[in-house]
Amino acid sequence: MKEVRGRTVWVIERRVSGAVKAIALDALTEEDALAELVLFDRDPASYRTKKQTVLLAAEQAERAAADAVVLTPELHKEFIEHARKEGLNKEYVEHILGNYLSHWGVALNGRDMREVTLLELRKMLKGWKTAEHHRIVALKSFASWLREEGKLHRSNDPTLDLLVPQAKPEKSVRVKGYAMSEVEAVYAEVPSQLLRDTLCLRAKASMHDTEIARVARGEAVLREVDDPCGIKGTVTFFHKRGDDHVVSLDAQAFAAALRLQARKRPLTRAPALLMLKRAANRLREKCETPEEREKIRVIAPGEIRHSFSNWASDYGVLVRPTKQGLPVEEVAAVMGHRSTKTTRTFYKRVLVPPMIQLPLNLIHPEDPPIASRTADLNDSNEKSVA
């Protein structure tokens, strides 16, 4: 006990590891001081006075707050910018990562993700009645990016064991696809050349929406072939993993691809659906009976890919380039590769793959004539694209 400025201060003085320690206590009574002495003797190295304990807790709380991983609008925006730079589909970024991740931000309500449990995430999911798959994908994508940035450690990531539900094949839920006559009828009723070109690439080349968008943005390479077998040209899509995907096109589809590329931007979903609904209505007006009108469906562009699979299986004819070349197995054998995977991955590049030809007649009176040469076609594009 010492007197400091007229006030009694209790001090612990002990020799620890050869050094004398003098610790001023913030105890008010001898009883409190003796209790602190017991704590000190129990573990001198980690002993802290009450005041030191409070200050340490405040510092730890401040550091934890600074390191907190919170789904704020600013961090959400940073993640969206990263996704765009990665070249992800614009609609996927805005709809899945943007929309559903904002819902998570509201549900988490400023909580540190490191303190959220898997059980809590599952309870939040039960609060939403739809889009469980997309919501989980959005949150896990965000958490994965946080780990890459060093902002979240795997040991504190509650999304690691949040499993994405396996999607059921849509063909097991409902029948998808159309008859060729349905697509032909709608094609003949669509006034927009841009929409007709989009339908043509979907129906004849089974292109994804993202692939058509890449053609329009100039992110795919179009090459004229003029092979006697009927392959007019090819379109090549390059992937980040190092390989590429080449699709062979007939004259009509290749002309459609050139027009799309000249336009430099794809058709967006909303106007496409509106024009397809109007086309279906015009077809219904031409029907003579209610039964015929009920059979007219509004074509969903995304389902044409399913239609292509059915058409190819039932009516497709495989058209091979005139210069067929050798099978990859024989090329691998000559090069001494034990597996064709090595040949395909590092050496072989298909310049003109086979094409599936369908008895599909996409005819519209306003379609530009199909030019025999690319140069002639480019000249006519200036008049038809607008």
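As the structure is a prediction and not an experimental result, all values here were calculated from the model. (Residues numbered from 1 in each chain as written. Predicted model: local features only at pLDDT ≥ 70, side-chain atom pairs only at ≥ 80, totals over all residues. Heavy atoms only, no water.)

J.: Where do I start with the pairing of strand β4 (residues 19-24) in this structure?
T.: Taken residue by residue, a regular strand's side chains alternate between the two faces of the sheet. Bridging between strand β3 (residues 11-16) and β4 involves 6 bridges; their strand directions are antiparallel. Bridging from a neighbouring strand, V16 pairs with A19 of β4. Between β3 and β4, which follow one another and run antiparallel, lie 2 residues, and S17 among them has a positive phi close to 55°. (Pairing = 2+ DSSP bridges. Helix = DSSP H or I, 4+ residues; strand = E, 2+ residues; numbered from the N terminus.)

J.: I keep staring at the sheet that holds strand β7 (residues 244-249) and nothing clicks. Help me out?
T.: The strands that make up a sheet pair up through hydrogen bonds in the backbone, lying either parallel or antiparallel. Taken together, the 3 strands give an open sheet; going across it, the order is β5-β6-β7, and neighbouring strands pair in antiparallel fashion. The two strands at the open ends of the sheet, each matched to only one other strand, are β5 (220-224) and β7. Strand-to-strand twist in this sheet, taken as the mean axis angle between neighbours without regard to direction, amounts to 20°. Across 6 bridges, the pairing between strand β6 (residues 233-238) and β7 is antiparallel. Bridging across to β7, G233 finds its partner in L249. Seen against the sheet, helix α10 (residues 251-263) touches β5, β6 and β7 and runs at an angle of roughly 135° to β5. (Axes fitted to C-alpha atoms, helices over the stretch in contact; angles between N-to-C directions. Contact = heavy atoms within 4.5 Å.)

J.: I would appreciate a short explanation of the packing of aromatic side chains in the present structure.
T.: Two measures describe an aromatic ring pair: the distance that separates the ring centres and the angle between the ring planes. What the rule picks out here adds up to 5 aromatic pairs. Summarising the aromatic geometry, the rings of F79 and W145 are spaced 5.5 Å apart at their centres and angled 45° between planes, so their arrangement reads as tilted. Residue F79 is found in helix α3 (residues 73-85), and its partner W145 is found in helix α6 (residues 132-148); the two are separated by 66 residues along the sequence. Taking relative accessible area as the criterion, F79 reaches 3% and is therefore assigned buried. Taking the relative accessible area as the measure of exposure, W145 reaches 3% and is therefore buried. (Phe/Tyr/Trp six-rings, centres within 6.5 Å; stacked < 30°, edge-to-face > 60°. Buried < 20%, exposed > 50% of the residue type's maximum accessible area, 1.4 Å probe, protein only.)

J.: Would you mind showing me how to read the side chain of D367 here?
T.: Mapping D367 onto the fold places it in the loop between β9 (355-357) and α16 (374-384). Side-chain polar atoms of D367 contact the side chain of Y187, separated by 2.7 Å. Here R196 takes part through its side chain, which lies 2.8 Å from a polar atom of the side chain of D367. If we ignore the near neighbours within four places in the chain, the residues touching D367 are Y187, Q193, R196, Q252 and L362. (Polar contact = N/O pair within 3.5 Å; in protein donor to acceptor, adjacent residues only side chain to side chain.)

J.: Looking at this structure, I do not really get the environment of K277. What am I missing?
T.: Inspection of the secondary structure assignment puts K277 in helix α11 (residues 269-285). When the C-alpha atoms of K277 and R297 are compared, they prove to be 8.6 Å apart, with 20 residues separating the residues in sequence.

J.: Please clarify how a negative patch on the surface should be interpreted in this entry.
T.: On the surface, a cluster of negative charge is contributed by E288, E291, E292 and E294. With respect to the secondary-structure elements, E288 resides in the loop between α11 and α12 (290-295). (Patch = residues over 30% accessible without salt bridge, like charges linked within 9 Å, V, L, I, M, F, W, Y side chains within 5 Å. Areas by Shrake-Rupley, 256 points an atom, 1.4 Å probe, with all protein chains shown as cover. Salt bridge = Lys/Arg side-chain N within 4 Å of Asp/Glu carboxyl O. Lys, Arg positive; Asp, Glu negative; His and termini not counted. Charge placed at Lys NZ, Arg CZ, Asp CG, Glu CD.)

J.: Is there a simple way to explain the confidence of the model for the chain in this structure?
T.: Atom-level detail of predicted coordinates should not be read off regions where pLDDT is low. Of the residues in the chain, 86% have a pLDDT of 70 or more, and the chain-wide mean is 84. Averaged over each element, pLDDT in the chain is lowest for α16 (42) and highest for helix α8 (residues 193-205) (96). Between residues 372-386, whose pLDDT stays under 50, and residues either more than four places distant or in other chains, the model counts 23 contacts. (pLDDT = per-residue confidence, 0-100.)

J.: What is the right way to look at the packing of helix α4 (residues 90-108) against α6 in this model?
T.: At a closest axis distance of 8 Å, the pairing of α4 and α6 adopts a crossing angle of 85°. Here α4 lies roughly perpendicular to α6, going by the angle between them. In this structure, α4 contributes Y92, I96, L97, Y100, L101, H103 and W104 to the contact, and α6 contributes H134, R135, V137, A138, L139, S141 and F142. (Parallel < 35°, antiparallel > 145°, perpendicular 65-115°, else oblique.)

J.: What's the story with the side chain of S248 in this structure? I'm lost.
T.: Mapping S248 onto the fold places it in strand β7. On the basis of relative accessible area, S248 is assigned to the buried category, the value being 6%. Those residues within four positions of S248 in sequence are excluded, and the remaining contacts are I231, G233, T234, V352, P353, P354 and M355.

J.: I would appreciate a short explanation of α4 in the present structure.
T.: Given 3.6 residues per turn, any residue in an α-helix points the same way as the ones three and four places further on. Compared with the 27 Å implied by 1.5 Å per residue over 19 residues, the 26 Å span of α4 between its first and last C-alpha is a close match. Among the residues making up α4, those that are buried are V93, I96, L97, G98, Y100, L101, W104, G105 and L108. Close packing links the buried residues of α4 with α3, α5 (118-126) and α6. Positive phi shows up at N109, right after α4, with a value of about 55°. (Expected span 1.5 Å × (residues − 1).)

J.: Explanation requested: the pattern of salt bridges in the structure shown.
T.: Here the idea is simple: oppositely charged side chains can pair when their charged atoms come close. Following the criterion strictly, the structure yields 16 salt bridges and no others. Of the charged contacts in the structure, one is a salt bridge between D367 and R196, with a shortest N-O distance of 2.8 Å. One end of the pair, D367, is in the loop between β9 and α16; the other, R196, is in helix α8, and 171 residues separate them in sequence. Residues D367 and R196 agree in their burial class; the two are buried. Notably, a salt bridge pairs K232 with D226, separated by 2.9 Å at the nearest N-O pair. Looking at D226, the relative accessible area reads 33%, which means it is partly exposed. Members of the salt-bridge network, linked through shared partners, are E189, R282 and K286.

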